[in-house]
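Here's the letter readout for the chains.
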Amino acid sequence: MSKDVLLGLKAGEQLKYYEHDNGLKYYRYDYFDIHDDLENCPQSYLIKQLPNITNPLHFHAQNQFQVFIEGSGSFGRHEVNPYVVHYAGAYTGYGPIIAGEQGLDYLTLRGSRDLGAKFLPAQMELFKKGPKHHYTSPSIEEESQEVLDQLDHAQMNWIHQDQPSGLGVGILKLPKNTEYQLAVLQNIAGIFLVVMRGALIVTNQILRKNETVYLHQQEQSYPLQTGNQGLQILILQMPFKDPAYELNL
């Protein structure tokens, strides 16, 4: 497997508990290895936010997607449940994220490593002026396995695309026993895939519900394969960080 392809597998998942002074409480598990070359260290991790707990308004120094996969709650003015996708560009404030009675689980996905949330207004001195970008999808319906197994051709549907930045949120449905060549645009940092239903085969690994793949833009294209089940996956195109922030380090 290429070093530019990373797999986020649930096998061996060991959650670690975190608690902040501001009342935020959650469990976290990192699917990708962490190292100190921040710009070349993609992140895929699970957050299990405890019931009725608030993740206050904050920002990060890197672009990121969040995919809400279990439970319910609210995100700013939006109600969230599976599968809602949120994108926030670097130094774009967002939140609060408030978990409901059953808690709220979400994946956080980044093309480069971030060193942690900066809460507002307490850490306003670290906030940088520049372009702000965020997007919240409608709730994306999970297709039944029966319907996916009856597909006779690939179906690609873009829910949101921003041509200047390359940001994209789409759904790909594949028939069983199929190989599909996914193009990786060269004006983006990479693509995250999130399995919603069925099984995605990557070399000798089988990825199932809520497991992730990261494809660096150096891949250019990548073959996606299914076995004896149809497949539904999220396609998340990650933009590069805006140059305004790269010049103002």
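See the structure shown above.
A brief report on the enclosed structure follows. (Residues numbered from 1 in each chain as written. Predicted model: local features only at pLDDT ≥ 70, side-chain atom pairs only at ≥ 80, totals over all residues. Heavy atoms only, no water.)

Re the overall build of the chain
Here is the rule: Strands are runs of DSSP state E lasting at least two residues, helices are runs of H or I lasting at least four, and both sets are numbered from the N terminus onward. For the radius of gyration, the atoms used are the C-alpha atoms, and the globule rule reads 2.2 Å times the number of residues raised to 0.38. Burial classes follow relative accessibility: with a 1.4 Å probe on protein chains only, a residue under 20% of its type's maximum area counts as buried, one over 50% as exposed, and anything between as partly exposed. Any two residues whose heavy atoms approach within 4.5 Å are treated as being in contact.
Within the chain one finds two helices and 21 strands. In terms of C-alpha radius of gyration, the chain reaches 18 Å, essentially the compact-globule figure of 18 Å for 249 residues. Taking the principal axes of the C-alpha coordinates as reference, the chain spans close to 55 × 45 × 30 Å. Residues classed as buried in the chain amount to 49% of the 249 residues present. Taking as baseline every contact in the chain between residues at least 6 positions apart, the subset at least 24 positions apart corresponds to 74%.

Thoughts on the pairing of strand 2 (residues 16-19)
Quick reminder of the rule: We treat two strands as partners when DSSP finds at least two bridges between them.
As judged from the four bridges shared by strand 2 and strand 3 (residues 25-30), these two strands associate in the antiparallel manner. Counted as the bridge partner of E19 is K25 from strand 3. Counted between consecutive antiparallel strands, the loop separating strand 2 from strand 3 contains five residues, among which G23 sits at a positive phi close to 100 degrees.

Quick notes on the environment of E219
Locating E219 in the fold gives a position in the loop between strand 19 (212-216) and strand 20 (221-226). For the pair E219 and R208, spaced 11 residues apart in sequence, the C-alpha separation works out to 22 Å.

Re the layout of surface pockets
Sizing a probe to match a water molecule and rolling it over the atoms shows the empty space that remains. So the rule is basically this: Here a cavity means grid points, on a 1 Å grid over the protein atoms only, where a 1.4 Å probe fits yet cannot get out; a pocket means an open set of points with protein on both sides within 12 Å along at least five of seven lines; lining residues are those with an atom within 4 Å of a point. Grid points are joined across faces, edges and corners, and a volume is the space filled by probe spheres set on the points. Ten residues, namely Ala, Val, Leu, Ile, Met, Phe, Trp, Tyr, Cys and Pro, are considered nonpolar, four, namely Asp, Glu, Lys and Arg, are considered charged, and the remaining ones, Gly among them, are considered polar.
As a volume, the largest pocket reaches approximately 430 Å³. For the largest pocket, the lining is made up of 24 residues, of which Y26, R28, Y45, G116 and A117 are closest to its centre. Of all the secondary-structure elements, those providing two or more residues to the lining of the largest pocket are strand 3, strand 4 (43-49), strand 7 (64-75) and strand 10 (97-110). Along the lines of polarity and charge, the residues of the lining of the largest pocket split into 11 nonpolar, nine polar and four charged. There is about 340 Å³ of room inside the second largest pocket. Lining the second largest pocket are 19 residues, with E39, G111, S112, A189 and H216 sitting closest to its centre. Looking at the lining of the second largest pocket, its residues break down into seven nonpolar, seven polar and five charged.

Observations concerning the pattern of salt bridges
Side chains carrying opposite charge are able to pair once their charged atoms draw close together. Put simply, the rule reads: Any Lys or Arg side-chain nitrogen found within 4 Å of a carboxyl oxygen on Asp or Glu counts as a salt bridge.
Applying the stated criterion across every chain, the model contains eight salt bridges. E13 is paired through a salt bridge with K10; the nearest N and O atoms lie 3.1 Å apart. On the basis of relative accessibility, which here comes to 27%, the residue E13 falls in the partly exposed class. Owing to a relative accessible area of 31%, K10 belongs among the partly exposed residues under this scheme. Put simply, D36 and R113 hold a salt bridge, and the shortest N to O gap is 3.5 Å. Of this pair, D36 sits in the loop between strand 3 and strand 4 while R113 sits in the loop between strand 10 and strand 11 (118-119), and the two are 77 residues apart along the sequence. Residues joined by salt bridges that share partners form a network here, namely E142, R197 and K209.

Points about the packing of aromatic side chains
Stated precisely, the cut-off is as follows: We call Phe, Tyr and Trp rings a pair once their centres come within 6.5 Å, taking the six-membered ring for Trp, and we label the pair stacked below 30 degrees between planes, edge-to-face above 60, and tilted otherwise. Cation placement over rings: the criterion is NZ of Lys or CZ of Arg within 6 Å of the ring centroid and within 35° of the ring normal.
In total, this model carries 12 aromatic pairs according to the counting rule given. For the ring pair F59 and Y91, a centre distance of 5.8 Å and an interplane angle of 35 degrees mean the geometry is tilted. With F59 in strand 6 (residues 58-59) and Y91 in the loop between strand 9 (84-88) and strand 10, the pair connects residues that are 32 residues apart, well separated along the chain. Look at F59 and you get buried, because its relative accessible area is 1%. Looking at Y91, the relative accessible area reads 9%, which means it is buried. For the ring pair Y91 and Y245, a centre distance of 4.9 Å and an interplane angle of 35 degrees mean the geometry is tilted. You can see Y91 sitting in the loop between strand 9 and strand 10 and its partner Y245 sitting in helix 2 (residues 243-246), a full 154 residues away along the chain. Y245 sits in the buried class, given a relative accessible area of 1%. Linked through ring pairs, F59, Y91, F127 and Y245 together constitute an aromatic cluster. The lysine or arginine in question, R28, covers the ring of Y45, its NZ or CZ lying 3.6 Å from the ring centre.

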